[in-house]
Amino acid sequence: MKRKALRSVQLILCGICLIIATNAFAQQMPERNERPNILFILSDDHTSQAWGIYGGVLAPYVQNKNIERLAAEGTVLNNAFCTNSICTPSRGSILTGQYSHVNQVYTLSEPLPKGHPNIAKTFSKNGYQTAIIGKWHLVGEPEGFDYFNVLPGQGRYWNPILKTKENWADGYDASAGKEYEGFSTDVIADLTIAHLKERNREEPFLMFCNFKATHEPFDYPERFKDLYTDVSIPEPESLFDFNPETTGRTFIGQKLEKLGQRWDNATKDPENWWTTYPGLPYPLEGLDSIQKRKKIYQKLVKDFMRSGAAIDDNIGKLLDYLKEEGIADNTIVIYTADQGYFLGEHGFFDKRMIYEESLRMPFVIRYPKEIKGGQRIDDIILNIDFAALLADYAGIEQPDYIQGRSFRQNLESGTPADWRKQLYYRYWLHHPERPAHFGIRNERYKLAYFYGQPLGKKGTNAEVTEPAWEFFDLQQDPKELYNAISDKTYTAIIEEMKRQLLEERKRYNDLDEGSKVMQDMLTKEFR
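First, a word on scope: everything that follows refers to the structure included in this document. (Residues numbered from 1 in each chain as written. Predicted model: local features only at pLDDT ≥ 70, side-chain atom pairs only at ≥ 80, totals over all residues. Heavy atoms only, no water.)

For the rest of this paragraph, the subject is the overall build of the chain. A tally of regular secondary structure across the chain gives 14 helices and 18 strands. Relative to the compact-globule value of 24 Å for 527 residues, the chain shows a C-alpha radius of gyration of 25 Å, a close match. Projected onto its principal axes, the C-alpha coordinates of the chain cover approximately 110 × 55 × 45 Å. Here the chain holds 527 residues, and 58% of them are scored as buried. Intrachain contacts of the chain at a sequence separation of at least 6 include 69% that bridge at least 24 residues. About 22300 Å² of surface is accessible on the chain, with carbon and sulfur atoms providing 51% of the total. Side chains of the chain give 65 positive and 74 negative charges; the mean places of these two sets differ by 4 Å. (Helix = DSSP H or I, 4+ residues; strand = E, 2+ residues; numbered from the N terminus. Rg over C-alpha atoms; globule rule 2.2 N^0.38 Å. Buried < 20%, exposed > 50% of the residue type's maximum accessible area, 1.4 Å probe, protein only. Contact = heavy atoms within 4.5 Å. Areas by Shrake-Rupley, 256 points an atom, 1.4 Å probe, with all protein chains shown as cover. Lys, Arg positive; Asp, Glu negative; His and termini not counted. Charge placed at Lys NZ, Arg CZ, Asp CG, Glu CD.)

Okay, here's the thing in structure tokens:
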């Protein structure tokens, strides 16, 4: 009897030990459904000047309570940048973690190559539910997503048409898609929530919610039509930069007057113009150059902020859903834009250029389990880093195809000693007014080479431009109002940065080896 009792005690103790060991192992290896969900919210052109949390003349006027809510509960990147400031390439870089010359999305016309790796494919193979709803803009059918419902090209602001796998056709043809009643930003957020409600709750999700806003024509829902009525918005310092001679810049750029002409064209011939704008007609006749630019600026910036207010509304809707669902703490929420945008700075609208307003990507991330709220970090982060970060949080080893690097440590404990001190940028969609160029930016200085060659890329203009250099001291000249390339004060710095520019091109294997015209030009410029 004593032996039986002893044996029973031993079995009980073994069972207890097994339970303890199992629990310990479980704590070290989280269940699959404990891996974080990821909600990646991406807008179009919603530049940092119009977020309100980055300061600037628009900050007191922006409707941004939910962006502020995200920033208070998460971390804001002060120095996030794109690697090619235009919609399609930036989206390609976000998905692949690669520069344009690697993923082959150079301009607005190229799809990601069939079978090319991307972060959605990687997540899908590692047990995540993947979906994208809203703006895709990568021409070909999305790959790697279990579900997609996307706009054809830019899509439209009102009663948008979206395409799924069941009615897909490559390109921007909308004829096969389904129409949804309402304003685009509201529709996309509602479709995102509806899809999440139908998800498998046993598996984590990677959800891309991609808004068309704030892309031109900067439309907005009826509820914001009276926002900023009878309000005069302050102007940027460089609004009256009328030509290259003003600052020594080497290109004409996309002037505000072109936007005014677009409004006029849309008013006179709405049937044949490519889009419709809110608030037309908007007469500009009889104004001198100063008055005209001031008036164009007021409409642009007010429409832009109204469009952005609808984004902010819907960010709040998405955050409220996560909270109601009880998954807010285990869901990483990122809000960013595909690039920056000029809102009158240098007298410009649009993006593309290496100048700060265009180059910067606003970015905020919230993850209560790991990221302390109310933080800001100054490290140089690139859009090729985003995919690596997502993989890191999902517990996925960084795929070899990603050129970027996870910045999880930067967010949680501080800057790694070997973190980058400068970035490499290249814009390919050449036009004489906005020439193709590449350059580098570090914590203080920026150097750009406008090589001005189309290089056979889709959508480029065949007219070449004279090669030119620009250099800015961002500490002394943060608004980039003085091209100091010929200033002898900076001669040694410029020469060193030219050397570093070559090193960055080698680092990312962007060497133009197949172009004789570029090889001849580079030999001359970097001899």
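Having seen the model, we can carry on.
Once that is clear, we can look at the environment of Asp45. Within the element layout of this structure, Asp45 appears in the loop between β1 (37-43) and α2 (65-73). Distance from Asp45 to Tyr341, taken between C-alpha atoms, is 5.7 Å for residues 296 residues apart in sequence. Those residues in contact with Asp45 that lie beyond four places of it in its chain are Cys87, Thr214, His215, Phe304, Ala337, Asp338, Gln339, Gly340, Tyr341 and Lys351. Polar contacts involving the side chain of Asp45 include one to the side chain of Gln339, which spans 2.6 Å. (Polar contact = N/O pair within 3.5 Å; in protein donor to acceptor, adjacent residues only side chain to side chain.)

Where a protein is soluble and globular, its nonpolar side chains tend to be buried together. With 89 residues, the main nonpolar core has Ile119, Phe123, Ile365, Phe407 and Leu411 as its most contacted residues. If sequence neighbours within four positions are ignored, Phe407 has contacts with Leu77, Phe363, Ile381, Asp385, Phe386, Leu389 and Trp419. By size, the runner-up hydrophobic cluster in this structure holds 63 residues, among which are Ile41, Phe218, Tyr297 and Val333. (Core = buried A, V, L, I, M, F, W, Y, C linked by side-chain atoms within 4.5 Å.)

None of this, on its own, says anything about what the molecule does.
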